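Spelled out from the first residue to the last, the chains are:
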Amino acid sequence: MESIMLHEETKPRLSYEGTGAILLDAAGGSFDARAQEKVWRLARELKFIHGVEETVPGMNNLMVVFDPLELDAYVIEQSMLDLWDTPFRSEEPGRIVDVPVHYGGQDGVDLDDFARAKSLSVDEIVARHTAPLYSVAAVGAMPGFVYLSGLDPSLAASRLSSPRQGVPRGSVIIGGTQTGIMPITAPSGWHILGRTPLDLFDPSRERPALFRPGDRIRFVPERLT
Amino acid sequence: MIEILTSGLMNSVQDLGRPGYLDQGIGRGGAMDRPALRIANLLLGNPEARPAAPA
């Protein structure tokens, strides 16, 4: 369904990141899916301005990297604000991708403790984690990492008091109000619930990151151990 | 021709990096102060993206 954006939202705040980048921050108290659509739209359209080098969507924010010798900061700033306030129709959403997950056991070493801490059964945790259709809000923090919106708030959990040095690639994790997938083996303080065999980052692919903003993903339980 | 006899900690040669992948979580690398590198090259009559050793 297409709809015109009319709702009230947080007015974006702009700040300079050095001489060649501007951060637009529209984050309010909680994640705003429609503000995120605007972030994606600005990311797409601002790329066409001569002197803009990169547009980088975050969670309800956007960084625009530009060449300060080609483009006056004031000009790009005005373009960002003007485009933000221009009404537009929702885009067709991106692909829907099923992500198979082995929950628990060696692949999800925190699942049992996580369930105990929530006073829920393991099956119930898996049911609540696999129920939503998550949206890829942004890609970043590490190569190919997806910031997903849509986690059931009852699964939110503060991070481990001390992060693990190496969380294996493919681990499906929860930290704070977010869930994610490790694209590479790296340190993380998030809870490990399971693991997917999907390869989220492969430098030999034409586009190394598997997912892009606007894609939606569904976790599909492969087996319970 | 420059012959480097000794080098300090973390000395490196940098160019303007590889932009275009930040939205996949990949930093561009390269010189931290890109305008400075370009201006230095232009003052020397070099192509502006020529690699240089920061000092």
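Right above here is the structure, for reference.
Residues numbered from 1 in each chain as written. Chains lettered and ligands numbered in written order. Predicted model: local features only at pLDDT ≥ 70, side-chain atom pairs only at ≥ 80, totals over all residues. Heavy atoms only, no water.

A. Up close: the nonpolar core. Residue and element names in this part refer to chain A. Val146, Ile181, Phe211, Ile217 and Phe219 are the most contacted members of the largest nonpolar core, which totals 26 residues. At the level of secondary structure, the elements contributing two or more residues to this core comprise strand E5 (96-103), helix H3 (111-118), helix H4 (122-130), strand E6 (134-139), strand E7 (146-149), strand E9 (171-175) and strand E13 (216-224). By residue number, the principal contributor to this core is E5, which donates four residues. When neighbours within four sequence positions are excluded, Ile217 is seen to be in contact with Val97, Val99, Pro132, Leu133, Tyr134, Val136, Leu148, Ile181 and Phe211. (Core = buried A, V, L, I, M, F, W, Y, C linked by side-chain atoms within 4.5 Å. Buried < 20%, exposed > 50% of the residue type's maximum accessible area, 1.4 Å probe, protein only. Helix = DSSP H or I, 4+ residues; strand = E, 2+ residues; numbered from the N terminus. Contact = heavy atoms within 4.5 Å.)

B. A look at the interface of chain A and chain B. Counting residues at the interface gives 21 residues for chain A, matched by 12 residues for chain B. In total, about 1,300 Å² of surface goes out of reach between chain A and chain B, with carbon and sulfur atoms giving 53% of it. Of all residues in chain A, Glu53, Glu54 and Leu69 of chain A bury the most surface against chain B, accounting for 38% of the area lost on that side. Counting across the chain A and chain B interface gives three salt bridges. Two residues, Arg28 of chain B and Glu53 of chain A, come together in a salt bridge whose shortest N-O distance is 2.8 Å. Among the elements of the structure, strand E3 (52-57) and strand E4 (61-66) of chain A are those that each provide at least two residues to the side of chain A that touches chain B. (Buried area = accessible area lost by both parts, 1.4 Å probe. Salt bridge = Lys/Arg side-chain N within 4 Å of Asp/Glu carboxyl O.)

C. Spotlight on the packing of H3 of chain A against H4 of chain A. Residues and elements named next belong to chain A. Contact geometry of H3 with H4 gives a least axis separation of 9 Å together with a crossing angle of 95°. Classed by the angle they form, the pair H3 and H4 counts as roughly perpendicular. Taken together, the residues of H4 that come into contact with H3 (itself represented by Leu111, Asp112, Phe114, Ala115 and Lys118) are Val122, Ile125 and Val126. Broken down by class, the residue content of the contact of H3 with H4 amounts to six nonpolar, no polar and two charged. (Axes fitted to C-alpha atoms, helices over the stretch in contact; angles between N-to-C directions. Parallel < 35°, antiparallel > 145°, perpendicular 65-115°, else oblique. Nonpolar A, V, L, I, M, F, W, Y, C, P; charged D, E, K, R; others polar.)

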